Amino acid sequence: MTSLTARAEAILTQAKKLDAFLEGHGLPYPSFDVDPLDGLPAEMQDLRSSLANASNDLRKLMRGAVMQTIDVAMSWTDAVPLQVIYHYKLASAVPLEGDASYDEISKFSGLEPNLCRRFIRASIGSNIFDEDVKTGRVFHTASSRALVTDKQLYDAVGFQLEEVAPAALKISKCWDTFGQDVAEQTKSAFSLENSTDLAIYDLFAVELERGRRFGSAMGFYTRGDSWDMRHLTAAYDWKASDFDYPGSLMVDVGGGHGQISYFLARETKHLKFLVQDLPKVVEVAKNQVPEDLKDRVEFAAHSFFERQPERDRAPVAFFLRFITHNWSDKYCIKILQALRSAMQPGSRILIYEYILENGPVKDLSTRYGFQADIIMCALYNALERRRVDFERLLEEADSRFELSAVRRPPGNTQICIVEIKWRG
Ligand SMILES: C[S@@+](CC[C@H](N)C(=O)[O-])C[C@H]1O[C@@H](n2cnc3c(N)ncnc32)[C@H](O)[C@@H]1O
């Protein structure tokens, strides 16, 4: 058993190190008004995460077993005021470096003054906005200010609170309605919430503003360090002589606009890339290939549920980034089976996405994969997988597939490369 004093001392030791770094670099201490931490170097980010995890544990312990559970059950009372702030653009109603009365916020936003006051005051408890107790005027904190200055953050908040959260509250209803083994994207909690039998991408293709917000929110989620492409090169030897040689080809399955292929083409010497995606995506992407990569990267319309076209020589690899986590096992098996005819001994499938730990994860800094798992469930009837889940998929798809390695980039504990070989 760890004493409270020992916990607090561990926090103190870490806080002193972080303070020393900030002081040594002339940076302000973190406050609700100024956040100097995002720009810190990697080793300080590790320290910061460790301090956040330790203090979060202490906070939960001090809330106590019952209140900690009630806090979770009532977390919607933090989320809903933020949704109102998002919906009525209340953050933009307050000057970045000044203040505003509730009447002024009301005039700007069209939300009735008493509602502005109630929902902003509820959010002040989450340090989103603050209020001068003497004048009753509202001013920004670093969090509410970022809602104005960071468009991708704003869209990510809107996407979570207006798309994902309402859908996620229908997960149990989805299972009651369609069964717990429901595998279709068109019968998801998201489809129930939206009274549609369209999958999310198809709905967003016609509801353009929602589609734009989704794209912008993804921009927010993918700008974190765990998405940095350097992890790709740290986790795999793309320049190996059995990979990057004259005439070798990698197929980027569902490769979107080709960002990964462009990056890897610049990291390798000979390897060529074929980016496959749906016709409407390829139509746009094929005209945007950078001049220096025109002889290395090509695009072709191809559904990943269809057999690969015949080729004289098998590709060295099929690369799938953030594809399988959007699909239930039933469809992932189809995707894998469609690659079989193009595999030869030595060719491989590389799947790059969150690989969940086999056991539970409690740290704030590493639990995102488990949260993403619930999002996949709500939106697609899909999941984030563990190594054993991939092993099961491969066994069901074809026993000639062999999971040869899970390559975890150093320092990036969540997004990994699953390497699959073909026994032939
Ligand atoms: C989550 S995005 C990942 C894009 C890309 N791999 C990346 O990581 O940036 C999923 C991609 O799958 C594509 N997609 C969806 N259904 C497809 C299908 N049946 N065949 C091929 N691509 C498909 C989408 O158009 C989209 O580009």
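Small disclaimer: the values here were computed from a predicted structure and weren't measured.

A. Up close: the overall build of the protein chain. When its secondary structure is counted, the protein chain shows 18 helices and 11 strands. For the protein chain, the C-alpha radius of gyration of 24 Å lies close to 22 Å, the compact-globule estimate for 424 residues. Overall, the protein chain is about 80 × 50 × 50 Å in size when its C-alpha atoms are taken along their principal axes. Within the protein chain, the proportion of its 424 residues that are buried is 43%. Sequence separation of at least 24 residues holds for 64% of the intrachain contacts in the protein chain that already meet a minimum separation of 6. Accessible area for the protein chain stands at about 21,900 Å²; split by element, carbon and sulfur atoms hold 54% of it. Averaging the coordinates of the 51 positive side-chain charges in the protein chain and doing the same for the 60 negative ones gives two points 2 Å apart.

B. Inspection of the UniProt feature "domain: O-methyltransferase C-terminal" (unreviewed entry) in the protein chain at higher detail. In this structure's numbering, the residues bearing the UniProt feature "domain: O-methyltransferase C-terminal" (unreviewed entry) are residues 248-397. End C-alpha atoms of residues 248-397 are separated by 26 Å, and the span's content is 34% helix alongside 21% strand.

C. How the structure looks around the sheet that holds strand E1 (residues 99-100). The strand order across the open sheet formed by three strands is E1-E3-E2, and the pairing between neighbours is antiparallel. The outermost strands of the open sheet, each flanked by one partner alone, are E1 and strand E2 (130-131).

D. The site of the ligand, seen in detail. Close contacts around the ligand come from 15 residues, with Gly254, Asp277, Ser303, Phe304 and Arg321 the closest. Within the backbone of glycine 254, a nitrogen or oxygen atom sits 2.8 Å from a nitrogen atom of the ligand. Between the ligand and aspartate 277 there is a distance of 2.6 Å, counted from an oxygen atom to a side-chain nitrogen or oxygen. When the free accessible area of the ligand is taken as 590 Å², the share hidden by the protein chains comes to 79%. Of the residues that constitute the shell around the ligand, the class distribution is seven nonpolar, six polar and two charged.

E. Up close: the environment of valine 84. Along the chain, valine 84 falls in helix H4 (residues 76-87). By relative accessible area, valine 84 is classed as buried at 11%. Sequence-wise, valine 84 and leucine 169 are 85 residues apart; in three dimensions their C-alpha atoms are separated by 18 Å. In contact with valine 84, other than residues within four places in its own chain, are Leu90, Leu111 and Phe119.

F. Structural view of the pairing of strand E8 (residues 348-356). Burial runs high along E8: nine of the nine residues are buried. By the bridge criterion, five bridges tie strand E7 (residues 317-321) to E8 in an arrangement that is parallel. Across the sheet, the residue bridging to arginine 321 is tyrosine 352, located in E8. Viewed along the sheet, the connection from E7 through helix H16 (residues 329-339) into E8 turns out right-handed. Pairing analysis gives seven bridges linking E8 to strand E11 (residues 415-422), with the strands arranged antiparallel. Its bridge partner lying in E11, glutamate 353 is registered against cysteine 416. Sheet topology places E8 next to strand E9 (residues 385-386); two bridges connect them, and they run parallel. Residue isoleucine 355 lies in a different strand from E9, and its bridge partner there is arginine 385. Remark: the E8/helix H17 (residues 368-380)/E9 crossover connection has right-handed handedness.

G. Structural view of the environment of alanine 79. Position of alanine 79 relative to the elements: it lies in helix H4. Sequence spacing of alanine 79 and glutamine 160 is 81 residues, and the spatial spacing of their C-alpha atoms is 9.5 Å.

Calculation notes
- Residues numbered from 1 in each chain as written.
- Predicted model: local features only at pLDDT ≥ 70, side-chain atom pairs only at ≥ 80, totals over all residues.
- Heavy atoms only, no water.
- Helix = DSSP H or I, 4+ residues; strand = E, 2+ residues; numbered from the N terminus.
- Rg over C-alpha atoms; globule rule 2.2 N^0.38 Å.
- Buried < 20%, exposed > 50% of the residue type's maximum accessible area, 1.4 Å probe, protein only.
- Contact = heavy atoms within 4.5 Å.
- Areas by Shrake-Rupley, 256 points an atom, 1.4 Å probe, with all protein chains shown as cover.
- Lys, Arg positive; Asp, Glu negative; His and termini not counted.
- Charge placed at Lys NZ, Arg CZ, Asp CG, Glu CD.
- UniProt positions renumbered as here; feature names shortened; annotations may be inferred.
- Pairing = 2+ DSSP bridges.
- Near = heavy atom within 4 Å.
- Polar contact = N/O pair within 3.5 Å; in protein donor to acceptor, adjacent residues only side chain to side chain.
- Nonpolar A, V, L, I, M, F, W, Y, C, P; charged D, E, K, R; others polar.
- Right-handed = clockwise from strand over helix to strand, strands pointing away.

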